[in-house]
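Listed below, chain by chain, are the residues.
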Amino acid sequence: MAEIVSAAQTPGDIVGHVVAVQGATVTALLLDRGEGHAAAIGDLVAMPTAQGCAFGIVHALRKGRRAEDRSAAEIQLLGELLARPEGPTFRRSVSAYPALDAVLRAASRAETAAVYARPAAAHVTIGSLRHDAALPAYLATDSLLGKNLAILGSTGSGKSCAVTVVLTALLEAHPYAHMLVLDPHNEYAAALGERALRLDPSNLELPYWLLTFEEIAVVLTSGAEGRSYGEGAILRDAILRAKQLYIGAAAETAHLTVDTPVPYRLSDLARIIEEGMGTLNKAEGASAYRHILARLASVREDRRYGFMFQSIYLRDNLDAILGRLLRLPVAGKPATILDLSGVPSEVVNVVVSLLCRLIFEFALWSEREHCPPLLLVCEEAHRYVPADGTPVFEPTRRAIDRIAKEGRKYGVSLCLISQRPSELSNSSLSQCGTIMAMRTSNERDQQFVRNAMPDGFDWLVAALPALGTGEAVVTGEGVSVPMQIQFRPLPADRQPASQTPAFSQAWSHEIADRTFVNRTISRWRLQQR
């Protein structure tokens, strides 16, 4: 067994003595300020053991009931230092526990640096330790992305800036990365700048023939109770026959289903539905056919649906669509930002479902040695994978849940971002190996984060209400030890477009530009942002 670094090698100030040890929690009585230095919340402390020295974090302090009673501190054990040829190496486990009456001392700067040391594997820097700004905070890239991650925090906690810091750090370190960011509020285009390709309904291409039956039924059927089954049966049969017509009678169609991503012509679809309506004996049975035809005509003329229905030429360009979305090749822009703010609200979930399904299916059917890993960043994840029992478009939930549970096997990693943790699917969040929790004041959200964290880290959750803007608690696979960090500040031109406007400044002067309202109305009518 490797030798443990002796406490005598790196002496620190004595702050107390151990009086209780229970599992990974140590209780110590603190010295009076006249005898030594008192401990503070967040301090890293060291305790001698039979093997050498164990380290822990002070997470609670309490005062005795009587004036003569000494104050006490509770310490969460983190691990111990091992002597290696390359220098002291921290290990997240304790081979021997401190004895009663063992000395509790403040960790030295060298020991603190060793505990929060730069990972030996690939890593990125995202800021500094909250209690020591001189020490960088690192994330281990492969461990972070290999087992999914979640960034959680209340509105105003700096969550969007934290996401930008993490993504920017990854892109700076890996210029041939592959990221897809689902951006519901157009926040990240300016933040990621030239490293990202921004797609919105004006330049996005997701043709209707890529949709599964469940997805296109949302667009072309009424969904009304009592009518949805009949309309669905008509549409299902018509789509399958339209696909068979496109492939041709001579082609092999045994593999063809209504969900197979094969092109078909809308004109064929409309003609097949009209022919079906013409075979009816009673006119009252034609309402379902007429509704589908009317809806089909409506979406083909609606500019908002242009990215799905207004392609002039029908072509099988799935390779080009996937290459653009997944950055294959990267071509200097390793990230794709999909601005969902201009997508019609009634089909946003359909678009998200389609994208997530395309990503997973592409990875599933790819040759493992040739398919690069991909990171899917899902902002406002509670919209798409809400808590159990919450109404939602099920194909979207299934698509993201599948990536959360199986994606890492095929090189697809998931980053869930939410300001409402308690409204997020517990099953999806439980698949996140790394959790970055920012300020959360709601008790329900705190309890949800507490349940999502590994056992023994309740003491970190207790710090969430007191975190400042841009501060976070990070636990899991992506960090060597649980830590409280301060994300690095972003320059003004790289901040996400989610900052609260300065009311006091904006309201201190008149708007001199009288054409502002007219320009806004024009963009609104033309659907141009």
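In what follows, the structure referred to is the one given above.
In this report, we go over the structure that sits alongside the text. (Residues numbered from 1 in each chain as written. Predicted model: local features only at pLDDT ≥ 70, side-chain atom pairs only at ≥ 80, totals over all residues. Heavy atoms only, no water.)

A short note on the state of the cysteines
Then, in step 1: In total, this model carries 0 disulfides according to the counting rule given.
Then, in step 2: With no disulfide of its own, cysteine 378 lies 6.1 Å from the sulfur of cysteine 356, the closest cysteine sulfur.
Then, in step 3: Take cysteine 378: its relative accessible area is 0%, and that puts it in the buried class.
Then, in step 4: You can see cysteine 432 has no disulfide; the closest cysteine sulfur is in cysteine 415, sitting 7.8 Å from it. (Disulfide = S-S within 2.5 Å. Buried < 20%, exposed > 50% of the residue type's maximum accessible area, 1.4 Å probe, protein only.)

Quick notes on the sheet that holds strand β15 (residues 412-418)
Then, in step 1: Strand order in the open sheet formed by 11 strands is β9-β8-β18-β17-β16-β10-β15-β14-β11-β13-β12, with mixed pairing between adjacent strands. At either end of the open sheet lies a strand with only one pairing partner, and these are β9 (132-140) and β12 (196-199). This sheet shows a mean twist of 25 degrees between the axes of neighbouring strands, independent of strand direction.
Then, in step 2: Pairing between strand β8 (residues 123-129) and strand β18 (residues 483-487): 3 bridges, direction antiparallel. Across the sheet, the residue bridging to leucine 129 is isoleucine 485, located in β18.
Then, in step 3: Relative to β8, helix α3 (residues 159-173) is tilted by about 145 degrees, and along the sheet it contacts β8, β10 (149-152), β11 (179-183), β13 (335-339), β14 (374-378), β15, β16 (434-438) and β18. (Pairing = 2+ DSSP bridges. Helix = DSSP H or I, 4+ residues; strand = E, 2+ residues; numbered from the N terminus. Axes fitted to C-alpha atoms, helices over the stretch in contact; angles between N-to-C directions. Contact = heavy atoms within 4.5 Å.)

Some remarks on unusual backbone geometry
Then, in step 1: Put simply, leucine 328 and proline 329 share a cis peptide bond, and its omega is 0 degrees.
Then, in step 2: Considering the arrangement of structural elements, one finds proline 329 in the loop between α10 (318-326) and β13.
Then, in step 3: With a phi close to 65 degrees, asparagine 148 is a non-glycine residue in the positive phi region.
Then, in step 4: Taking relative accessible area as the criterion, asparagine 148 reaches 2% and is therefore assigned buried.

A word on the packing of helix α6 (residues 228-247) against helix α8 (residues 287-301)
Then, in step 1: Where α6 meets α8, the axes come as close as 9 Å, and the angle between the chain directions of the two elements is 65 degrees. For the crossing formed where α6 meets α8, the hand is right-handed. Residues Glu231, Ile234 and Leu235 of α6 form the contact with α8, whose participating residues are Ala288, Tyr289, His291 and Ile292.
Then, in step 2: Each residue belonging to the contact of α6 with α8 can be placed in one class, and the counts come to 5 nonpolar, 1 polar and 1 charged. (Left-handed = near helix turned anticlockwise from the far one by under 90°. Nonpolar A, V, L, I, M, F, W, Y, C, P; charged D, E, K, R; others polar.)

Quick look at helix α14 (residues 443-452)
Then, in step 1: Within the span of α14, buried status applies to Asp445, Gln446, Phe448, Val449 and Ala452. Across the axial projection of α14, the buried residues extend over an arc of 160 degrees, all falling on one side. When the buried face of α14 is taken as reference, the exposed residues oriented beyond 90 degrees from it are Glu443, Arg444 and Asn451.
Then, in step 2: The elements touched by buried residues of α14 are β10, α13 (426-429), β16 and α15 (458-461).
Then, in step 3: Measuring from the backbone nitrogen of arginine 444 back to the side-chain oxygen at the start of α14 gives 2.8 Å, which picks out asparagine 442 as the cap. (Arc of directions from axis to C-beta. Polar contact = N/O pair within 3.5 Å; in protein donor to acceptor, adjacent residues only side chain to side chain.)

What to know about the packing of aromatic side chains
Then, in step 1: One pass over the full model with this rule turns up 3 aromatic pairs.
Then, in step 2: With a centroid separation of 5.6 Å and 80 degrees between ring planes, the pair formed by phenylalanine 360 and tyrosine 410 is classed as edge-to-face. Of this pair, phenylalanine 360 sits in helix α11 (residues 348-365) while tyrosine 410 sits in the loop between α12 (394-406) and β15; the two residues are 50 residues apart in sequence, bridging distant segments of the chain.
Then, in step 3: Judged by relative accessible area, which is 2%, phenylalanine 360 ranks as buried.
Then, in step 4: The structure contains a cluster of three or more aromatic residues connected by ring pairs, namely Tyr208, Tyr264 and Phe309.
Then, in step 5: Lying across the ring of phenylalanine 213, arginine 236 places its NZ or CZ 4.1 Å from the centre. (Phe/Tyr/Trp six-rings, centres within 6.5 Å; stacked < 30°, edge-to-face > 60°. Lys NZ or Arg CZ within 6 Å of the ring centre and 35° of its normal.)

A look at a nonpolar patch on the surface
Then, in step 1: Residues Val21, Tyr97 and Leu100 make up a contiguous nonpolar surface patch of roughly 290 Å² in combined accessible area.
Then, in step 2: With respect to the secondary-structure elements, valine 21 resides in strand β1 (residues 14-22). (Patch = residues over 30% accessible without salt bridge, like charges linked within 9 Å, V, L, I, M, F, W, Y side chains within 5 Å. Areas by Shrake-Rupley, 256 points an atom, 1.4 Å probe, with all protein chains shown as cover. Salt bridge = Lys/Arg side-chain N within 4 Å of Asp/Glu carboxyl O.)

Here we look at the environment of valine 350
Then, in step 1: Tracing the sequence through the fold places valine 350 in helix α11.
Then, in step 2: It is 25 Å that separates the C-alpha atoms of valine 350 and alanine 497, two residues lying 147 residues apart in sequence.
Then, in step 3: Once residues within four sequence positions are removed from consideration, valine 350 is found in contact with Leu211, Glu215, Val218, Met308 and Phe393.

What about the side chain of glutamate 215?
Then, in step 1: Checked against the element boundaries, glutamate 215 lands in helix α5 (residues 213-220).
Then, in step 2: Its relative accessible area of 1% is what places glutamate 215 among the buried residues.
Then, in step 3: At a separation of 2.7 Å, a polar atom in the side chain of glutamate 215 contacts the side chain of serine 353.
Then, in step 4: In contact with glutamate 215, not counting residues within four places along its chain, are Leu210, Val350, Ser353, Leu354, Arg357 and Phe393.

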